[in-house]
Amino acid sequence: MNGTPGPLVLVGPSGAGKTTIAKELVKTHPDRYTLSVSATTRSPRGGERHGHEYLFVSPARFRRMVEGGELAEWAEVHGECYGTPVENLAEVSADGSVPVLDIDVNGARQILKRGTGAVVIFILPPGPGEWVGRLVVRGTESPREIARRLRTALDELRAAPSFERFVVNAHLDQSVVDVLAHAAGEPGGRTSASQAAVLCRRLEAGARSEIARLEAGEQPTLAGPKRAQKE
């Protein structure tokens, strides 16, 4: 690879497990990859610490970051803002490591427009049952809130055809191997665009069915893997 490699961007619908993959990649290859910590206006959840899971900032501070060009990408999701500080990309690349970004579809497009040479990989869940299970596993949200998350995830899923690299996240260890293969430009366990399209249709059908169940007042489906890969 010539020159300094660009950031590694993991994108995909909520519940695909891209956050889990990003953390595992950095954990198993700390000399090669560094996790980019996003800024957010939302409040910390149980156990989350400033500077670890996120940079927790006020809405006013976030606006100043946007206006001052301090963010490489940002978006508003469910009333809260998330963004990648520009300094993350510069600082972690200085020591030769590659920043790993776990961001949404719009954020990935913003990064690509910056011409950073980013490798963007679209992460997909292996099937509708696993996907829905990951989205509802928290057990702290109402059926209406879960349906809203599913609709947002569907919007993210529909962006899949605009990307070129895909990893189906059925098993964490293999997913990390596949991501590394993409980053190195090697064949690896590639998922083709046509295979991804078929899977996306199955995922969309499953999500729509679950949304209909939730809107009919039924309890959410709790299918999915025992070890949920949360976003």
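Residues numbered from 1 in each chain as written. Predicted model: local features only at pLDDT ≥ 70, side-chain atom pairs only at ≥ 80, totals over all residues. Heavy atoms only, no water.

Asks: What is the right way to look at the overall build of the protein in this model?
Replies: Scanning the protein from N- to C-terminus turns up eight helices and nine strands. Counting the 231 residues in the protein, one finds 46% classified as buried. In the protein, the share of contacts with a sequence separation of at least 24, taken over all contacts with a separation of at least 6, comes to 70%. Here the protein has roughly 11600 Å² of accessible surface; of this, 50% comes from carbon and sulfur atoms. (Helix = DSSP H or I, 4+ residues; strand = E, 2+ residues; numbered from the N terminus. Buried < 20%, exposed > 50% of the residue type's maximum accessible area, 1.4 Å probe, protein only. Contact = heavy atoms within 4.5 Å. Areas by Shrake-Rupley, 256 points an atom, 1.4 Å probe, with all protein chains shown as cover.)

Asks: When you look at the sheet that holds strand 3 (residues 39-40) in this model, what are you seeing that I'm missing?
Replies: As a general point, the strands of a sheet are linked pairwise by backbone hydrogen bonds and lie either parallel or antiparallel. What the four strands build is an open sheet, ordered 4-3-6-5; its pairing is mixed. Two strands bound the open sheet, and with one partner strand each, they are strand 4 (55-56) and strand 5 (71-77). Packing of helix 2 (residues 59-67) onto the sheet brings it into contact with strand 3, strand 5 and strand 6 (80-85), and relative to strand 5 it is tilted by some 135°. (Pairing = 2+ DSSP bridges. Axes fitted to C-alpha atoms, helices over the stretch in contact; angles between N-to-C directions.)

Asks: Even after reading the chapter, I still don't get helix 4 (residues 105-113), so can you show me in this structure?
Replies: Quick reminder: α-helices carry 3.6 residues per turn. Residues three or four places apart thus point the same way. By the burial criterion, the buried members of helix 4 are V105, G107, A108 and I111. Along the long axis of helix 4, the arc covered by the buried residues comes to 160°, so they all point the same way. A side-chain oxygen of the first residue of helix 4 lies 3.4 Å from the backbone nitrogen of N106; this N-cap is D104. Of the residues one or two after helix 4, G115 is the one with positive phi, at around 70°. (Arc of directions from axis to C-beta. Polar contact = N/O pair within 3.5 Å; in protein donor to acceptor, adjacent residues only side chain to side chain.)

Asks: Please explain the packing of helix 6 (residues 143-157) against helix 8 (residues 193-215) as it appears in this structure.
Replies: Axis angle and axis distance: for two packed helices, these are the angle between their axes and the distance between the axes, and together they describe the pair. It is at 9 Å that the axes of helix 6 and helix 8 come closest, and there the two elements cross at 160°. Here helix 8 runs roughly antiparallel to helix 6, going by the angle between their axes. Seen along the crossing, helix 6 lies across helix 8 with a hand that is left-handed. Listed contacts from helix 8 to P143, I146, A147, L150, R151, L154 and L157 of helix 6 are C200, L203, E204, A207, R208, E210, I211, L214 and E215. Class assignment for the residues of the contact of helix 6 with helix 8 results in 11 nonpolar, no polar and five charged. (Parallel < 35°, antiparallel > 145°, perpendicular 65-115°, else oblique. Left-handed = near helix turned anticlockwise from the far one by under 90°. Nonpolar A, V, L, I, M, F, W, Y, C, P; charged D, E, K, R; others polar.)

Asks: Quick question: what am I supposed to make of the sheet that holds strand 1 (residues 8-11) here?
Replies: Across the sheet, five strands lie side by side as 2-7-1-8-9; this open sheet has parallel pairing. Edge strands, defined here as strands with exactly one partner in the open sheet, are strand 2 (33-35) and strand 9 (166-168). Mean inter-strand twist for the sheet, computed between neighbouring axes without regard to direction, equals 25°. The sheet contact formed by strand 8 (residues 119-124) and strand 9 spans three bridges and is parallel. Bridge pairing in strand 9 places L124 opposite V168. The sheet contacts of helix 4 involve strand 1, strand 7 (98-102) and strand 8, and relative to strand 1 the element is tilted by about 155°.

Asks: When you look at the pattern of salt bridges in this model, what are you seeing that I'm missing?
Replies: Two side chains that carry opposite charge are able to pair once their charged atoms sit near each other. All told, the structure shown has eight salt bridges when counted by the stated rule. A salt bridge links R158 to D155, with the nearest nitrogen and oxygen atoms 2.7 Å apart. A salt bridge links E218 to R213; the nearest nitrogen and oxygen atoms lie 3.2 Å apart. Each of D155, R158, E204 and R208 takes part in salt bridges that share partners, so that together they form one network. (Salt bridge = Lys/Arg side-chain N within 4 Å of Asp/Glu carboxyl O.)

These figures come from the coordinates and say nothing about function on their own.
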